[in-house]
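Structural overview for review
What follows is the residue order along each chain.
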Amino acid sequence: MAELKKSLGMTSLIALGVAGVVGSSWIYTSSTFFADLGAGGMIIGLLIGAALAACVALAYGELTSAIPRAGGEVVWGYTALGRPFGFATGWFHIGAYISSLAFYVTAFGTLLGKYVPGMDAMPLYSIADEAVTAPVLIAGLVLTAIVFALNWWGVSLGAQIQVVLFAVMIVIGLALAGTALVHGSPSNLLPLWTPEQEPVTSTLRMVVPGITYVVGFSLVAVLAEESSLPPARVGRAVVLTVACAAAFYATVLLATAYVVPWEDVAGMELGTIDAFTAAGFPLLGLGAFLIAVLGLVTSFIGLFVASSRVVLALARARMLPHGLARIDERSGVPRRALLFVLAVTVAFGLLGPGAIVWFLDAGGVFLGIVWLLVCIAKYRMPARYPGLEYTYRARPAFLPAVGAIGAILVIAFTVIPVPGVAMSLVWPAEYILLGAWALLGTVLYLVTPAPTDQEGTFREMLGPHADKLLAARRG
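What comes next concerns the included structure. (Residues numbered from 1 in each chain as written. Predicted model: local features only at pLDDT ≥ 70, side-chain atom pairs only at ≥ 80, totals over all residues. Heavy atoms only, no water.)

Thoughts on the overall build of the protein chain
Note the following rule: Each helix is a run of H or I in the DSSP string that is no shorter than four residues. Each strand is a run of E no shorter than two, and both are numbered from the N terminus. Just to be clear, the radius of gyration here is over C-alpha atoms, and the globule rule we use is 2.2 Å times residues to the power 0.38. Pairs of residues are marked as contacts when any of their non-hydrogen atoms sit within 4.5 Å.
On a plain count of helices and strands, the protein chain comes out with 19 helices and two strands. Taking 2.2 N^0.38 as the reference for a compact globule, 475 residues should give roughly 23 Å; the C-alpha atoms of the protein chain span a radius of gyration of 22 Å, in line with that estimate. Its C-alpha atoms give the protein chain principal-axis dimensions of about 65 × 50 × 45 Å. When contacts within the protein chain are restricted to residue pairs at least 6 apart in sequence, those whose partners lie at least 24 apart make up 81%.

And the structure:
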């Protein structure tokens, strides 16, 4: 059977991981966070959240170094915890990824509408009081088609474009930081909170959202099979992705709060965009808007390719139709999995933001579940495969357990309403959707028969790592 091509280097992996999650909304919602939490609450809380995510990333890095296989979480869950948990990691991962992709279908045109006139013209239909217009839908479908085409011929082309777009984002970010440093003032940044804002409480309220800001490290693990690097370096790349993403966020947000008084930014509509425009640098304000646009595009590219690899892993393990595991001989691309992701993305995307936002909000729970299962698999794997060799280890060994606590917080703060933390699901629609997705997954798992040739399935899922795992288990 054909295998995926190993064409991704360190730069490509980091670009896919970091730029694949930076997104866009944080650029213009920074004004809201500043108003609610203060500049200190948002920036410091985000960094604390990133530190907790890094603890989870350590578990990913360790497992990736031992088993660098496509759809990593599915493989680790299956081998360390059993078939039901392997399916759960894949199912909830698909839910998180697809919800974001579907949201981007209309979010792209909506974002362009902040600068491009006419995007709100020609409404076609309305779902959940949100109109879907022809220009917005056309822009989103064109973007979807382009991203699909980039991946149809191989991951390397999309990765090269991702590197270029990420480089542009870094250059703009450095321009924002440099301008703020020269023309801004410490008095604009300090104090970090208003007298009405309690520093500790405000900071803690940002920790859980901050965790979700740096989820891109999972993309590196999902794509590990296509990396040309030694497994140890792939493992390090997983952790490095978190550090790079957190540094980028913090740099741009600090520049925003430094170039003009952050209390003024709190009263603006478009956060960083308006801040630099008000400071007398309209081109840099446009540059901040460009970061938002590029962040959405790069997230779309990264999540699209990663989603197809999760589908591939589930199909290899016979937990989705096995035909989805077919890899094109010439291109080394799982084209049927790509078509599956395309179909689901467009189908959900046509519903518009009014409906998709419910699914998107539930994505925090989905990711929390995946992270928790991966952390458990990290500690369970040595017990089931005592002879398995790792080329990268989480140090200190207890840190992934701290990350598991972060994952539990993400789940709890999303499911259980907490005063002052605007993360809880909307009752009853989003709770119904969450339960329906879990129920649909349960039904799908129960009606999918376990493979009769379990060793053959194990070997297909693990590929060249199967003999190593079997030998480690016997050891």
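With respect to unusual backbone geometry
Our working definition: The buried label goes to any residue with under 20% of its type's maximum accessible area, the exposed label to any with over 50%, and the partly exposed label to all in between, with areas taken from a 1.4 Å probe on protein chains only.
Cis peptide bonds are those with omega within 30 degrees of zero, and the linkage from Leu190 to Pro191 qualifies with -5°. You can see Pro191 is positioned in the loop between helix H7 (186-189) and helix H8 (199-212). Here the amide bond leading from Arg395 into Pro396 is cis, since omega sits at -10°, within 30 degrees of zero. Note that Pro396 resides in the loop between helix H15 (353-384) and helix H16 (399-415). The backbone of Met122 shows a phi angle near 55°, a positive value even though the residue is not glycine. Tracing the backbone shows Met122 in the loop between helix H4 (83-112) and strand S1 (123-127). Although it is not a glycine, Arg318 adopts a positive phi angle of roughly 60°. Relative to the assigned elements, Arg318 resides in the loop between helix H13 (282-316) and helix H14 (335-349). Among the residues examined, Arg318 registers a relative accessible area of 26% and is labelled partly exposed.

So, H4
Counted only if it meets this: A helix's residues, less one, multiplied by 1.5 Å, set its expected span. Across the chain, bend at a residue is computed as the angle between axes fitted to the seven residues ending at that point and the seven starting from it.
In a regular helix each residue adds 1.5 Å, so 30 residues correspond to 44 Å; H4 covers 43 Å between its end C-alpha atoms and thus fits that length. Along H4, the largest kink reaches about 40° and is centred on Val105. A large share of H4 lies buried, amounting to 26 of its 30 residues.

Describing a nonpolar patch on the surface
Selection rule: In this analysis, a patch consists of residues with relative accessible area above 30% that form no salt bridge, clustered at 9 Å for like charges and at 5 Å for the nonpolar side chains Val, Leu, Ile, Met, Phe, Trp and Tyr. The accessible surface values rely on the Shrake-Rupley method and a 1.4 Å probe; as for residues, cover is taken only from the protein chains in view. The term salt bridge refers to a side-chain nitrogen of Lys or Arg lying within 4 Å of a carboxyl oxygen of Asp or Glu.
Together, Tyr115, Val116, Leu283 and Leu286 make up an exposed nonpolar region whose accessible area comes to about 380 Å². In this structure, Leu286 sits in helix H13. Residue class for Leu286 comes out partly exposed when judged on its relative accessible area of 38%.

Things to note about the state of the cysteines
The cut-off we apply is this: Put simply, a disulfide is two cysteine sulfurs that come within 2.5 Å.
Applying the stated criterion to the full structure yields zero disulfides. Left unpaired, Cys55 is separated from the closest cysteine sulfur, that of Cys375, by 8.6 Å. A disulfide-free cysteine, Cys244 has its sulfur positioned 17 Å from the sulfur of Cys55, the nearest such atom. The exposure class assigned to Cys244 is partly exposed, which follows from its relative accessible area of 28%.

With respect to the packing of H4 against H15
The condition that has to hold: Only the stretch in contact is used when a helix axis is fitted, and all axes are lines through C-alpha atoms; the angle between N-to-C directions ranges over 0 to 180 degrees. What makes a crossing left-handed is the near helix being turned counterclockwise from the far one by less than a right angle; a clockwise turn instead makes it right-handed. Nonpolar residues are Ala, Val, Leu, Ile, Met, Phe, Trp, Tyr, Cys and Pro. Charged residues are Asp, Glu, Lys and Arg, and all others, Gly as well, are polar.
Their axes nearest at 8 Å, the elements H4 and H15 cross at an angle of 150°. With respect to the hand of their crossing, H4 and H15 are arranged in left-handed fashion. In this structure, H4 contributes Phe85, Ala88, Thr89, Phe92, His93, Gly95, Ala96, Ser99, Ser100, Ala102, Phe103 and Thr106 to the contact, and H15 contributes Pro353, Ile356, Phe359, Leu360, Gly363, Phe366, Leu367, Ile369, Val370 and Leu373. Tallied by class, residues from the contact of H4 with H15 come to 15 nonpolar, seven polar and no charged.

Observations concerning the nonpolar core
Short version of the rule: Definition used in this section: a nonpolar core is a set of buried Ala, Val, Leu, Ile, Met, Phe, Trp, Tyr and Cys residues joined via side-chain atoms within 4.5 Å.
Counting 164 residues, the largest nonpolar core has Trp26 and Tyr60 as its most contacted members. Looking at this core, the element that brings in the most residues is H13, giving 21 residues. Setting aside residues up to four positions removed in sequence, Trp26 forms contacts with Tyr213, Phe248, Tyr249, Val252, Leu253 and Ile291. Ranked by size, the runner-up nonpolar core spans five residues in total, among them Cys55, Leu58, Ala394 and Leu399.

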